[in-house]
Amino acid sequence: MSSDEPLEPPPEAPQEPLEQSGSPDPEEHHDDGLDLAKALTRATARSTPAARRKLRKKDTPRRGRVSGAHPDDRDPQLLDATLSRLVDDHGWELDLRVHGVFGRWAELVGAEVAQHCTPESFAEGRLVVRTDSTAWATQLRLLAPTVVRRLNEELGHGTVTLIEVLGPHGPTWKKGPRSVRDGRGPRDTYG
């Protein structure tokens, strides 16, 4: 086909006679008139240069700046910034602060108290502290409001709500491989 020849309109489909009731057959559909114009418009809409650019932009992932002297994520990063982003992404901030408090326990509560009391766990605002004697357990229960206030200054308001003080581990009377559960333990057996 040369460019000098005029374009011919598409041949029209032959019209079929209507049924006896006067309505067209719902299963038979012919692309002519408005339907044909809509189909041609849809087909040519994707072939314009602007439409092709839009399609290319949708298909390619956005990468930000691809080149140039501007900083982007491909540049070397400071270790502090990278670790901060890792902590934020995983939600480890509170855990790290709590473990930092465990590491600085002597600094926060004082050397004498830290010598006799050690933190064991922290969960849902409850700090569990183990003491080495019942006297220090009583002393720490009296100091609990002060310790909670000091810890919340370090961790953030409302982080520690309760300190559970545990006394020393009791001695075990279990000797050997066999033992009786719920037994009376060592007692005076002289009647």
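Just so it is clear, the model here is predicted, and its values are computed rather than measured. (Residues numbered from 1 in each chain as written. Predicted model: local features only at pLDDT ≥ 70, side-chain atom pairs only at ≥ 80, totals over all residues. Heavy atoms only, no water.)

Caption draft 1: Highlighting the pairing of strand E3 (residues 162-166). What you see with E3 is a clean split: Ile-163 and Val-165 sit on the buried side and Leu-162, Glu-164 and Leu-166 on the side with no burial. Bridge count between strand E2 (residues 126-131) and E3: five bridges; the pairing is parallel. Bridge pairing links Arg-126 to Leu-162 in E3. Between the parallel pair E2 and E3, the chain is carried across by helix H7 (residues 134-155), and the sense of this crossover is right-handed. (Buried < 20%, exposed > 50% of the residue type's maximum accessible area, 1.4 Å probe, protein only. Helix = DSSP H or I, 4+ residues; strand = E, 2+ residues; numbered from the N terminus. Pairing = 2+ DSSP bridges. Right-handed = clockwise from strand over helix to strand, strands pointing away.)

Caption draft 2: Representation of the side chain of Thr-131 within the structure. Mapped onto the secondary structure, Thr-131 falls in strand E2. Note on Thr-131: relative accessible area 3%, which makes it buried. One polar contact links the side chain of Thr-131 to the main-chain carbonyl oxygen of Ser-133, over a distance of 3.1 Å. Those residues in contact with Thr-131 that lie beyond four places of it in its chain are His-116, Cys-117, Trp-136, Ala-137, Leu-140, Val-165, Leu-166, Gly-167 and Pro-168. (Polar contact = N/O pair within 3.5 Å; in protein donor to acceptor, adjacent residues only side chain to side chain. Contact = heavy atoms within 4.5 Å.)

Caption draft 3: Focus on the pattern of salt bridges. Counted under the stated rule, the structure contains seven salt bridges. Glu-154 is the salt-bridge partner of Arg-104, the closest N and O atoms lying 2.7 Å from each other. Placement of Arg-104 in the loop between helix H4 (93-103) and helix H5 (105-109) and of Glu-154 in helix H7 is noted, with a sequence separation of 50 residues between them. What makes Arg-104 partly exposed here is its relative accessible area of 32%. Exposure remark for Glu-154: the relative accessible area of 31% places this residue in the partly exposed category. Across the pair Glu-120 and Arg-130 runs a salt bridge, and its minimum N-O distance is 3.0 Å. Here Arg-130 lies in strand E2 and Glu-120 lies in strand E1 (residues 117-123), a separation of 10 residues in the sequence. Residue Glu-120 is classed as partly exposed on the basis of its relative accessible area of 39%. If you follow the salt bridges from partner to partner, you end up with Arg-104, Glu-107, Arg-149, Arg-150, Glu-153 and Glu-154 in one network. (Salt bridge = Lys/Arg side-chain N within 4 Å of Asp/Glu carboxyl O.)

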